[in-house]
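Observations on chain architecture
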Amino acid sequence: MSLSWGVAGLVLIGALLHASWNALVKSSGDKELDTALVHCLGAVATLPLLLAVGPPPPPAWPYIAASLVVHVAYYVTLAGAYKHGELGHTYPIMRGTAPLLVTLGSSTVLGERLAPLALAGVGGVTLGVALVGLSRPGEALHHRRALRYALANACVIAAYTFIDGKGVRVAVAEGGSALAYVVLLFVIDGIPYPAMVWLRRGAAGRRAILAYARRRAPLAALGGLASLGSYGIALWAMTRAPVAVVAALRETSVLFATAISVALLKERFGVQRATGAAVICGGVVALRLG
């Protein structure tokens, strides 16, 4: 397997979709609730697609079940990271560390070995993500509890990347499609985290959830579909290119998220972010040529 420019371009589009729905959550006053709405309404909007394409072949179902369990850990560690640290400090650590973990484990878990140039590309993307996302790295390291949650979340991301990367390949090998795999995963995954948020809040909080959901429903549904498109493209790409390469390329979403913040929220770009963007671009080229 190797990464073609066509596959790389689609994964970059997926990264832009990922950054877009994360920007939606970042702009909200209740990040926990908006994340729950994105997943819940995204699952509802995906139901017709599930009815159209059908489920993946049965051999892929154990992977979906395992991924759902791991995703619960993802939500728990994500909430912990955001509770004890700022989004701008924890998000780059979570998203930037995960591709390194996937690369380190790919040989053992998936039997994939990357060429030296591709390894350099993974390193470049990871370093670039850190430069773009961590404008003040000392502050991120100072919040140790948030840092522990963020690193735990990176491990969880690596775990579900391995599970879903293997699962979608099994689905395709058994005559199914990547779309059927990701659609079933998204529909079922729209239940646990919203349920957790609902159960944690009292009667008044639940009434507030319903009122908030009515206001944010259209945007949240769009965010859910963007999330589906982003991960669906990534899983499809994993049937055509090494999992570690796709995982690293997907984390360019941090660069797109920064561009959105600069354009819409008028955040400062600066020399460090510009350097990080250049390093990410170099890493992408190395991934393609490797």
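Before reading further, recall that the structure is shown in the block above.
Here we summarise the structure given alongside this text. (Residues numbered from 1 in each chain as written. Predicted model: local features only at pLDDT ≥ 70, side-chain atom pairs only at ≥ 80, totals over all residues. Heavy atoms only, no water.)

Compared with an ideal rise of 1.5 Å per residue, which puts 24 residues at 34 Å, helix α3 (residues 61–84) spans 35 Å between its outermost C-alpha atoms and is within 8% of the ideal. Looking at α3, one finds that the buried residues are I64, S67, L68, V70, H71, Y74, Y75, T77, L78, G80 and A81. (Helix = DSSP H or I, 4+ residues; strand = E, 2+ residues; numbered from the N terminus. Expected span 1.5 Å × (residues − 1). Buried < 20%, exposed > 50% of the residue type's maximum accessible area, 1.4 Å probe, protein only.)

The first and last C-alpha atoms of helix α8 (residues 178–189) sit 16 Å apart over twelve residues, in line with the 16 Å expected at 1.5 Å per residue. Counting buried residues in α8 gives ten out of twelve residues, a clear majority hidden from the surface. For α8, every residue scored as buried is listed here: A178, A180, Y181, V182, V183, L184, L185, F186, V187 and D189.

One pass over the full model with this rule turns up four aromatic pairs. Between Y160 and Y231 the ring centres are 6.0 Å apart and the planes differ by 85 degrees, which places this aromatic pair in the edge-to-face class. One end of the pair, Y160, is in helix α7 (residues 144–173); the other, Y231, is in helix α10 (residues 203–238), and 71 residues separate them in sequence. Each member of the pair, Y160 as well as Y231, carries the same accessibility label: buried. Ring pairs connect the aromatic residues Y74, Y75, Y160, Y193 and Y231, which therefore count as one cluster. (Phe/Tyr/Trp six-rings, centres within 6.5 Å; stacked < 30°, edge-to-face > 60°.)

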